[in-house]
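Structure assessment
Spelled out from the first residue to the last, the chains are:
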Amino acid sequence: MIDYSKYDTTPAVPEASSMIETFRAIGYSIEAAVADIIDNSISAGAKNIWVSFDWLGSQTWLSVKDDGCGMNNNELVQAMRPGSKNPLDDRSIKDLGRFGLGLKTASFSQCRKLSVISKKDNFKAVYWTWDLDFVNETGKWELIRYLPENKFGTEIDKLNSGTIVIWNDIDRLVKNFHSEDKKALEKFLLIMEQVKKHLAMVFHRFLENGKVKIYLQDRLVEAWNPFLIHESATQGFPDEPLQNGKVTVKGYVLPHRSKISEEKYKNAEGPKGWNEQQGFYIYRNERLLLAGDWLGLFRKEEHYKLARIQVDIPNSLDAEWQIDIKKSVARPPLVLRDQLKAYAGQIRNQAVEVYRHKGKSVRPLPGQKFVPLWIDHKRGDKWFYKINRENPIIEKIKKQASSDPDKAVELLIRFIEETIPTKSIYIKEASEEDALGKPFEGVDQEPIRKAMKQMYDKLIGEGKSDEKAKSIIFNIEPFNLFPHFFDFIT
Ligand SMILES: Nc1ncnc2c1ncn2[C@@H]1O[C@H](COP(=O)(O)OP(=O)(O)O)[C@@H](O)[C@H]1O
Ligand SMILES: [Mg+2]
């Protein structure tokens, strides 16, 4: 231990204007920033949360109002302080915060003026504003008692308790926008639509269990559940407790697109689309942090897109899971990675099955065995495909061959051409490199050599030179893959 009393000290206070500008660079998206503000409302026990905006071009403001417990003057000033709580402190199990920064960093990532007006039950409403221009000018960590519009005062007085967070001068979103510019408005509305989708997803469990209602411009936001739990064709897997039961995983394989309506399928794709939304969904205290991410354990592939896995962690594991300020990163502890990988492996396998088969054929009738035409099988570590000799079509063609061989061969070729299992081949090739075998790899290659030899003898018989005969053969697939036989056929 250092004996601090032995040493001189000097203050090294953060420089206000540069520090506060640095907060702007944490890299929140608008939707993540709004979600972080809503986290505070939920932690404050809000039942209703209203996200509102007023389109005024570059003067557009956005507010988040809640009917939570609110704050008195001291509490509000404390809340406005960067680092208002120690990240190492224990938090109530319902608290969605961590670093004591979200309100400030999320707001400054979007705007230059953050005003908060708040009212605690039996208190008068209080308000304070962080104005980055003022901080820049004075170089001081000082709030101003400023409210951009009086109407927020009237609004808060209608609540017993609650808080309104107001963003003004939203330069990251509407800088240089003119209020009459239709295109700019369209762009802005599109972004708000994205925000809505994000909130519907991130807070879906709160919205579903009725604990919280979120409104965007007074329209109720409806929950978006990633797992389609109400669809009968969805396969839910048993949940598995990890990390001494503190973490729970539960996998789902979503229905094949042929099993649900077009509209439901479209809705299920979520904010980022079917392919992007596959993977783990990590919830911290029921709030979604990460939506569709294989955590570096697998790659996202089209044929795994029906796999989505719910992972629940408590906020007491924040440090171990490396939750970041934006609450958009989570990394499982090393000890868990193998377990998550094993669990996810099962879900992914089933997801591929559903993706491959269910859309192609009707379900086999009960009591009737399904007869494939193609069978995939492994020789060594490579995949091959063979035609099922017992398929009735093959048996029929065989019979036909004695009376009309030409027609039988043509029919056989047609069936092969039309039914090549391209999807299955593609999946194998995409899942592991070099998964597919080459012709006659790992088996007796005599039939190839024999065919080459017969052709060679025929060409020589027709008067071709050795060189000419070989060059003809070399240009015929698949003989070109077997140049080493050239030495043996002469
Ligand atoms: N809407 C709100 N209602 C009541 N209290 C709030 C609200 N927003 C913020 N606070 C208070 O301000 C504190 C700081 O918020 P924030 O900067 O987001 O950090 P954190 O959420 O990590 O604590 C919160 O812990 C809470 O005490
Ligand atoms: Mg917070």
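Each value, and the rule that gives it
Residues numbered from 1 in each chain as written. Chains lettered and ligands numbered in written order. Predicted model: local features only at pLDDT ≥ 70, side-chain atom pairs only at ≥ 80, totals over all residues. Heavy atoms only, no water. Helix = DSSP H or I, 4+ residues; strand = E, 2+ residues; numbered from the N terminus. Rg over C-alpha atoms; globule rule 2.2 N^0.38 Å. Buried < 20%, exposed > 50% of the residue type's maximum accessible area, 1.4 Å probe, protein only. Contact = heavy atoms within 4.5 Å. Areas by Shrake-Rupley, 256 points an atom, 1.4 Å probe, with all protein chains shown as cover. Polar contact = N/O pair within 3.5 Å; in protein donor to acceptor, adjacent residues only side chain to side chain. Near = heavy atom within 4 Å. Nonpolar A, V, L, I, M, F, W, Y, C, P; charged D, E, K, R; others polar. Core = buried A, V, L, I, M, F, W, Y, C linked by side-chain atoms within 4.5 Å. Domains from an automatic or database assignment. Pairing = 2+ DSSP bridges. Patch = residues over 30% accessible without salt bridge, like charges linked within 9 Å, V, L, I, M, F, W, Y side chains within 5 Å. Salt bridge = Lys/Arg side-chain N within 4 Å of Asp/Glu carboxyl O. Phe/Tyr/Trp six-rings, centres within 6.5 Å; stacked < 30°, edge-to-face > 60°.

So, on to the overall build of the protein. Along the protein, the regular secondary structure elements total 17 helices and 15 strands. Whereas a compact globule of 490 residues would reach a radius of gyration of roughly 23 Å, the protein reaches 33 Å, over 25% beyond that. A burial count over the protein gives 45% of its 490 residues as buried. Within the protein, contacts between residues separated by at least 24 positions form 65% of all contacts whose residues are at least 6 apart in sequence. When the accessible surface of the protein is split by element, carbon and sulfur atoms take 52% of a total near 27,100 Å².

With that settled, consider the side chain of Lys113. Mapping Lys113 onto the fold places it in strand E3 (residues 113-119). The exposure class assigned to Lys113 is buried, which follows from its relative accessible area of 15%. Of note is the side chain of Lys113, whose polar atom sits 3.4 Å from the side chain of Asp169. Dropping the residues within four chain positions of it, Lys113 is found in contact with Trp130, Asp131, Asp133, Ile166, Trp167, Asn168 and Asp169.

What follows covers the site of ligand 1. If you check the shell around ligand 1, you find 17 residues, and the closest are Asn40, Asp66, Arg98, Gly100 and Lys104. Leu101 has a polar backbone atom sitting 3.4 Å from an oxygen atom of ligand 1. Looking at the shell around ligand 1 element by element, the count peaks at three residues for helix H4 (residues 102-108). When grouped by side-chain class, the residues that make up the shell around ligand 1 number six nonpolar, six polar and five charged.

Turning next to the nonpolar core. Counting 103 residues, the largest nonpolar core has Ile38, Trp167, Ile214, Phe280 and Trp321 as the members making the most contacts within it. The biggest single contributor to this core is helix H11 (residues 334-358), with nine residues. Of the domains in this structure, domain 1 (16-220) and domain 2 (235-358) are the two that each give at least three residues to this core. In contact with Ile38, not counting residues within four places along its chain, are Ile49, Val51, Val64, Leu199, Phe203 and Ile214. Residues Met452, Leu459, Ala469 and Phe479 belong to the second largest nonpolar core, which totals eleven residues.

What the seven strands build is an open sheet, ordered E4-E3-E5-E2-E1-E6-E7; its pairing is mixed. The open sheet is flanked by strand E4 (126-131) and strand E7 (219-220), the only strands paired with a single partner. As judged from the five bridges shared by strand E2 (residues 61-66) and strand E5 (residues 162-168), these two strands associate in the antiparallel manner. Paired with Leu62 across the bridge in E5 is Trp167.

This next bit is on unusual backbone geometry. Trans is the common state for peptide bonds, and a negative phi is the common state for residues other than glycine. Residues Glu477 and Pro478 are joined by a peptide bond in cis, for which omega reads 0°. Residue placement: Pro478 occurs in the loop between helix H16 (466-474) and helix H17 (486-489). Phi is positive for Asn176, close to 65°, though the residue is something other than glycine. Its place among the elements puts Asn176 in the loop between helix H7 (171-174) and helix H8 (182-202). Residue Asn176 is classed as exposed on the basis of its relative accessible area, which comes to 65%. Positive phi outside glycine occurs at Glu286, with the angle close to 75°. Of the residues examined, Glu286 reaches a relative accessible area of 27% and is grouped as partly exposed.

We now examine a nonpolar patch on the surface. Where nonpolar side chains cluster on the molecular surface, the patch consists of Met1, Ile2, Tyr4 and Tyr7 and spans about 610 Å² of accessible area. Following the sequence through the fold, Met1 ends up in the segment before helix H1 (16-23).

For the rest of this paragraph, the subject is the packing of aromatic side chains. The final tally for this structure, using the stated rule, is 14 aromatic pairs. Considering the side-chain rings of Trp130 and Trp141, the 6.1 Å spacing of their centres and the 80° angle between planes classify their relative orientation as edge-to-face. Taken together, the residues Trp130 in strand E4 and Trp141 in the loop between helix H5 (132-138) and helix H6 (151-157) connect sequence positions eleven residues apart. Judged by relative accessible area, Trp130 falls into the buried class, the value being 3%.

Moving on, we come to the pattern of salt bridges. Inspection of every chain in the model, using the stated rule, returns 34 salt bridges. Here Lys196 ties to Glu193 by a salt bridge, and the two come within 3.8 Å at their closest N and O atoms. Taken together, the residues span about one helical turn, with Lys196 and Glu193 both in helix H8 at a distance of three residues. By relative accessible area, which is 29% here, Lys196 ends up partly exposed. Of the charged contacts, one joins Arg299 and Glu301 as a salt bridge, the two residues approaching to 3.5 Å between their closest N and O atoms. For Arg299, a relative accessible area of 56% corresponds to the exposed category.

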